[in-house]
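Analysis of the macromolecular model
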Amino acid sequence: MDQLNHLTDTGHIFITPFALNRTAYIVVNQKPFMVIVTDISIKGIQLSGAWYTWDDLEKMGGVYESEFDALKAIADRG
């Protein structure tokens, strides 16, 4: 446990709200699109086999844990 805390404190591991092999939603053309989280890295995330940088996802409209969150984000953007 001490080693995990040290890694977290020094920034060598990152905690994300997404887990591998779980569903997530991205916004494509103002619609939520379900994907599977297949890998996560510091610079991006692999969704259903395709790599996206965090910047690309932000420009697209984000990545969300639930369809409701994705729909809410779409409505908030107008």
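The present account deals with the structure reproduced in this document. From a predicted model like this one, the values you see are computed outputs, not experimental measurements.

1. Some points on the overall build of the protein chain
Secondary structure summary: the protein chain contains 3 helices and 5 strands in total. Mapped from its N terminus to its C terminus, the protein chain presents α and β elements in the order α-β-β-β-β-α-β-α. When the 78 residues of the protein chain are sorted by exposure, 24% land in the buried category. A separation threshold of at least 6 residues defines the contact pool for the protein chain, and within that pool the share at least 24 residues apart is 33%. Surface accessibility of the protein chain: about 5,800 Å² in total, with carbon and sulfur atoms responsible for 55%.

2. Thoughts on the sheet that holds strand β5 (residues 63–64)
Each strand in a sheet pairs with its neighbour through backbone hydrogen bonds, running either in the same direction (parallel) or in the opposite one (antiparallel). A sheet is described by the order of its strands in space; here 5 strands give the open sequence β4-β3-β2-β1-β5, paired in antiparallel fashion. Two strands bound the open sheet, and with one partner strand each, they are β4 (50–53) and β5. As paired elements, strand β3 (residues 44–47) and β4 share 4 bridges and run antiparallel to each other. Note on β4: the bridge partner recorded for Gly44 is Thr53.

3. Here's the deal with the nonpolar core
With 9 residues, the main nonpolar core is built from Phe18, Ala24, Ile26, Val35, Val37, Ile45, Leu47, Leu57 and Val63. When residues no more than four places from it in sequence are discounted, the contact partners of Leu47 are Ile26, Val35, Ile36, Val37, Thr38, Tyr52, Leu57 and Val63. Of all hydrophobic cores here, the second largest spans 6 residues; its members include Tyr25, Tyr64, Ala73 and Ile74.

4. What about the side chain of Gln46?
Locating Gln46 in the fold gives a position in strand β3. Exposure remark for Gln46: the relative accessible area of 16% places this residue in the buried category. Look past the residues within four positions of Gln46 in its chain and what remains in contact with it is Ile36, Val37, Thr38, Asp39 and Trp51.

5. Comments concerning helix α3 (residues 67–77)
When α3 is considered as a whole, its buried residues turn out to be Ala70, Ala73 and Ile74. One side of α3 carries all its buried residues, which in axial view fall inside an arc of 100°. Seen from the buried face of α3, the exposed residues on the opposite side, beyond 90 degrees, are Phe68, Ala75 and Asp76. Tucked inside the fold, the buried residues of α3 contact β1 (23–28), β2 (31–40) and β5. Of the residues trailing α3, Gly78 is marked for its positive phi of about 85°.

6. Description of the environment of Leu57
Within the secondary structure, Leu57 sits in helix α2 (residues 54–60). Along the chain, Leu57 and Val28 lie 29 residues apart, while their C-alpha atoms are 9.8 Å from each other. Not counting residues up to four positions away in its chain, the partners in contact with Leu57 are Ile26, Ile45, Leu47, Tyr52, Gly62 and Val63.

Quick notes on the rules
- Residues numbered from 1 in each chain as written.
- Predicted model: local features only at pLDDT ≥ 70, side-chain atom pairs only at ≥ 80, totals over all residues.
- Heavy atoms only, no water.
- Helix = DSSP H or I, 4+ residues; strand = E, 2+ residues; numbered from the N terminus.
- Buried < 20%, exposed > 50% of the residue type's maximum accessible area, 1.4 Å probe, protein only.
- Contact = heavy atoms within 4.5 Å.
- Areas by Shrake-Rupley, 256 points an atom, 1.4 Å probe, with all protein chains shown as cover.
- Pairing = 2+ DSSP bridges.
- Core = buried A, V, L, I, M, F, W, Y, C linked by side-chain atoms within 4.5 Å.
- Arc of directions from axis to C-beta.

Honestly, it's all geometry; don't read function into it.
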